[in-house]
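Chain by chain, the residues:
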Amino acid sequence: MYTNTALRRGLLAATAILGGYVGVWAEFFPAAFYSSFPGFGLHWIDIAGAFDEHLIRDVGSMYLALTAVSIAGVVARTATVGRVAGLGWVVFGVFHFGFHVTHLVGSTLDEVGAVVSLGVSALLGVALLFPLAPRTDHAT
């Protein structure tokens, strides 16, 4: 088993913060998410199509699920849960990134912000896939 490390816990905490930010907003405040995401005066959702509360809440639920697995990885003694969380973030992140790279909308700042933030999200998942620490013989 690979032990959990401070670095892995930090990466998992970053994904949990990211997922919590998006997930809570989309799940519990879908209209505000639609009209104001990602915040800071930018608008990435309302410029891409009509409001769909069901779809936005589904996105929120998915981000909250990824957040839950990331938090489980933070508290786990071994790296396994964190590596599984990384796999989830990679699968979601790569497809999400791919869509946005091929469907750029908004100002240059919107486009760059979306591509960079989604790229970072996917790369956090990739980093979590790797061991980051030597194997130990300790039980999970």
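Every chain is numbered independently, its residues counted from 1 as its sequence is written. Owing to the predicted nature of the model, reporting of local features is limited to residues with pLDDT of at least 70; listing and counting of side-chain atom pairs is limited to 80 or more, with chain, interface and lining totals taken over all residues. Based on all heavy atoms of the structure, the side-chain values leave hydrogens and waters out of the count.

### Structural notes on a nonpolar patch on the surface
To be explicit about the condition: Residues forming no salt bridge and having over 30% relative accessible area are the ones grouped into patches, like charges within 9 Å of each other and nonpolar side chains (Val, Leu, Ile, Met, Phe, Trp, Tyr) within 5 Å. Using a 1.4 Å probe, accessible areas were evaluated by the Shrake-Rupley method; residue-level cover was limited to the displayed protein chains. What counts as a salt bridge is simple: a side-chain nitrogen of Lys or Arg found within 4 Å of a carboxyl oxygen of Asp or Glu. A run of DSSP states H or I qualifies as a helix once it reaches four residues; a run of E qualifies as a strand once it reaches two. Both are numbered from the N-terminal end.
A cluster of nonpolar side chains, Leu7, Leu123, Val126, Phe130 and Leu132, forms an exposed patch at the surface whose accessible area comes to about 460 Å². Following the sequence through the fold, Leu123 ends up in helix H5 (residues 108-129).

### Describing the nonpolar core
Here is the rule: Residue types Ala, Val, Leu, Ile, Met, Phe, Trp, Tyr and Cys, when buried and joined through side-chain atoms within 4.5 Å, form a set referred to as a nonpolar core. Summary of the burial criterion: residues with accessible area below 20% of their type's maximum are buried, those above 50% are exposed, and those between are partly exposed, where the area comes from a 1.4 Å probe applied to protein chains only.
Of all hydrophobic cores here, the largest spans 13 residues; its most connected members are Val22, Phe33, Phe37, Trp44 and Ile56. Secondary-structure elements contributing two or more residues to this core are helix H1 (6-28), helix H2 (30-36) and helix H3 (53-75). Residues Leu11, Leu12, Ala85 and Leu124 belong to the second largest nonpolar core, which totals five residues.

### Some remarks on the packing of aromatic side chains
A ring pair, where both rings are aromatic, is described by two values, the distance of the centres and the angle of the planes. Note the threshold: To pair, rings of Phe, Tyr and Trp, with the six-membered ring standing in for Trp, must have centres within 6.5 Å; the planes then decide the type, stacked if under 30 degrees apart, edge-to-face if over 60, and tilted in the middle.
Applying the stated criterion across every chain yields a total of nine aromatic pairs. Measuring from ring centre to ring centre gives 5.6 Å for Tyr21 and Trp25, while their planes differ by 65°; the resulting arrangement is edge-to-face. Of this pair, Tyr21 and Trp25 both sit in helix H1, four residues apart, which is roughly one turn of that helix. Three or more aromatic residues joined by ring pairs make a cluster, and in this case those are Tyr21, Trp25, Phe33, Phe37 and Trp44.

### Observations regarding the packing of H1 against H5
Here is the rule: Inter-axis angles, ranging from 0 to 180 degrees, are taken between N-to-C directions of lines fitted to C-alpha atoms, where helices are fitted over the stretch in contact. Between 65 and 115 degrees an angle is taken as roughly perpendicular, under 35 as roughly parallel, over 145 as roughly antiparallel, and anywhere else as oblique. Less than a right angle of anticlockwise turn of the near helix away from the far helix marks a crossing as left-handed, whereas a clockwise turn marks it as right-handed. Residue contacts are counted whenever heavy atoms from the two residues lie within 4.5 Å of one another. Residues are grouped as follows: nonpolar covers Ala, Val, Leu, Ile, Met, Phe, Trp, Tyr, Cys and Pro; charged covers Asp, Glu, Lys and Arg; every other residue, Gly included, is treated as polar.
For the pair H1 and H5, the least separation of the axes is 10 Å and the interaxial angle reads 150°. Considering the angle they form, H1 stands roughly antiparallel to H5. When the axes of H1 and H5 are compared, the crossing they make is left-handed. Contacts between H1 and H5 pair Arg8, Leu11, Leu12, Ala14, Thr15 and Leu18 from the former with Ser121, Leu124, Ala127 and Leu128 from the latter. Here the contact of H1 with H5 is composed, by residue class, of seven nonpolar, two polar and one charged.

### Description of the layout of surface pockets
Let me state the cut-off plainly: Detection works on a 1 Å grid of protein atoms alone, calling trapped sets that fit a 1.4 Å probe cavities and calling open sets with protein on both sides within 12 Å along at least five of seven lines pockets, with lining residues defined by an atom within 4 Å of a point. Grid points are joined across faces, edges and corners, and a volume is the space filled by probe spheres set on the points.
Of the volumes computed, that of the largest pocket is approximately 900 Å³. Surrounding the largest pocket, 33 residues form its lining, Phe33, Trp44, Ile45, His96 and His100 being those nearest its centre. Taken together, the elements giving at least two residues each to the lining of the largest pocket come down to H1, H2, H3, helix H4 (80-102) and H5. For the lining of the largest pocket, the element with the highest residue contribution is H5, accounting for six residues.

### Focus on the UniProt feature "transmembrane region" (unreviewed entry) in the chain
Threshold: UniProt positions are given in the numbering used here, feature names are shortened, and annotations may be inferred rather than shown by experiment.
Mapped onto this structure's residue numbering, the UniProt feature "transmembrane region" (unreviewed entry) falls at residues 12-35, 55-75, 87-106 and 112-133. Taken end to end, residues 12-35 is 96% helix and 0% strand, and its two terminal C-alpha atoms sit 28 Å from one another. In the segment residues 55-75, helix accounts for 100% and strand for 0%; the C-alpha atoms at its two ends are 31 Å apart.

### A closer look at the pattern of salt bridges
Scanning the model with the defined rule gives two salt bridges in all. For Arg57, the salt bridge identified is with Glu27, shortest N-O distance 4.0 Å. Of this pair, Arg57 sits in helix H3 while Glu27 sits in helix H1, placing them 30 residues apart in sequence. The class of Glu27 is buried, set by a relative accessible area of 15%. Residues Glu53 and Arg57 are paired through a salt bridge, measuring 2.8 Å at the closest nitrogen-oxygen approach. Of this pair, Glu53 and Arg57 both sit in helix H3, separated by four residues, roughly a single helical turn. Classification of Glu53 as partly exposed rests on a relative accessible area of 36%. Looking at Arg57, the relative accessible area reads 29%, which means it is partly exposed. Salt bridges sharing partners connect three or more residues here, namely Glu27, Glu53 and Arg57.

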